[in-house]
Amino acid sequence: MRIVGLILSGVGAFFVVLALLLRFYVPGQVVKFPLNEYQIAVLHATNASYFSAAKLRIISGIPVTATNTLRGDVIAGSGSTAVWDEFTVVRDDANNVNFDYTILRGPFDRRTGEMVNCCGAALNAKPAHMSGQGYVWPFGAQKKTYMVFDTTLARAMPATYAGTATVDGLSTYRYVEQVAPSQSGSQTLPGVLVGMKDQPSVTLPEYYQATNTFWVDPVTGGPVSVEGNETLTLRDSSGATRLVLFNADLKFTPQSIKSFVDNDVRGKNKINLVTNILPLVLLIVGVILLAAGIVLGVLGRRGADEPAREGGFQPQDQGLAPH
């Protein structure tokens, strides 16, 4: 019985230690953003406008769709860094024309989600310096401002915590990136297109203005919905708008929201299993086995002592024995 008690105590102690490791150490080693991510997000706007280079005029009041395809480059990643490639195409649904593209190759830390500069980091096939959050927020996102990489400006911009919201049944934190009119580049066009008929061609600065909203699961750090209200214009030296290049309020479609929420819930369940359920089960089983082992050990010790007291020779018996 004592041997059984010792075995149970040893197994119980092992389970308790394993529970503590699973709760406080293992998550930091195994809970990471995946290398092999693959997701498609579709954003839609109903009343958009853009400058058509093919028709040399502004097309307005039309529906547009932005399709974002995200694919992980497993070979380029490592235990600490993931590399995801993102391709976005914007389509004029009324005329069945693709009119804008963005390509992002973004390496980032698999725990914090912060962009890192390695592994061929590039924006639109050109090397780019990246910083801030890329595709995701960190695990255990906080109610604070995060710097988020903006692909139009090619730099990180602040996204401020703006409260909680429920998205398709999932509790999220809402972060808002407010971009005041900021120069994002320049374009050279015939003067006649921007009201400068006296100049054959003119180079004007390109200004970007936006309110981008992200709904993020604070546990997994994964955005489950995004809205981008964006305006891109050409302005002259006085700051007057000469041409609207793009204007739209793009939002995740309901189908994309559901897909991202479902994927996020699966990730959250895995995290909960590793950080909460398994440690709790192991702790309970370990404590029970440890207690049972102690009890059996005590009973076994008592059982070994009793025969010696009942059947053994007593010291005083030896003195009374006949000669």
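Reference entry: report on the structure contained in this document. None of these values were measured; they are calculated from a predicted model. Numbers given to residues run from 1 along each chain, matching the order in which its sequence is written. Side-chain atom pairs in this predicted model are given and counted only at pLDDT of 80 or more, local residue features only at pLDDT of at least 70, and totals for whole chains, interfaces and linings cover all residues. Excluding hydrogens and water, the side-chain values take into account all heavy atoms of the structure.

1. Some thoughts on the pattern of salt bridges
Going by this rule: One side-chain nitrogen of Lys or Arg within 4 Å of one carboxyl oxygen of Asp or Glu is enough to make a salt bridge. Each helix is a run of DSSP H or I of at least 4 residues and each strand a run of E of at least 2, with the numbering of both proceeding from the N terminus. Each residue is placed in one exposure class: buried if its accessible area under a 1.4 Å probe, protein chains only, is under 20% of its type's maximum, exposed if it is over 50%, and partly exposed if it falls in between.
Tallied over the entire structure, the rule returns five salt bridges. Note that Arg-105 and Asp-73 form a salt bridge whose closest N and O atoms lie 3.0 Å from each other. You can see Arg-105 sitting in strand 4 (residues 97-109) and its partner Asp-73 sitting in the loop between strand 2 (57-72) and strand 3 (81-92), a full 32 residues away along the chain. Residue Asp-73 is classed as partly exposed on the basis of its relative accessible area, which comes to 23%. Among the charged side chains, a salt-bridge network with shared partners connects Asp-73, Asp-85 and Arg-105.

2. A look at the environment of Met-130
Note that Met-130 resides in the loop between strand 6 (126-127) and strand 7 (146-150). Residue class for Met-130 comes out buried when judged on its relative accessible area of 1%. In this structure the C-alpha to C-alpha distance between Met-130 and Thr-151, which are 21 residues apart in sequence, comes to 9.7 Å.

3. Some points on the pairing of strand 4
Stated precisely, the cut-off is as follows: When DSSP finds at least two bridges between two strands, those strands are taken to pair.
Pairing between strand 3 and strand 4: twelve bridges, direction antiparallel. For Val-89, the partnering residue across the bridge sits in strand 4 and is Tyr-101. Connecting strand 3 to the antiparallel partner strand 4 that follows it, the hairpin turn spans four residues, and Asn-96 within it adopts a positive phi of roughly 55°. Taken together, the two bridges between strand 4 and strand 5 (residues 122-123) define a ladder with antiparallel strand orientation. The partner of Leu-104 across the bridge, within strand 5, is Leu-123.

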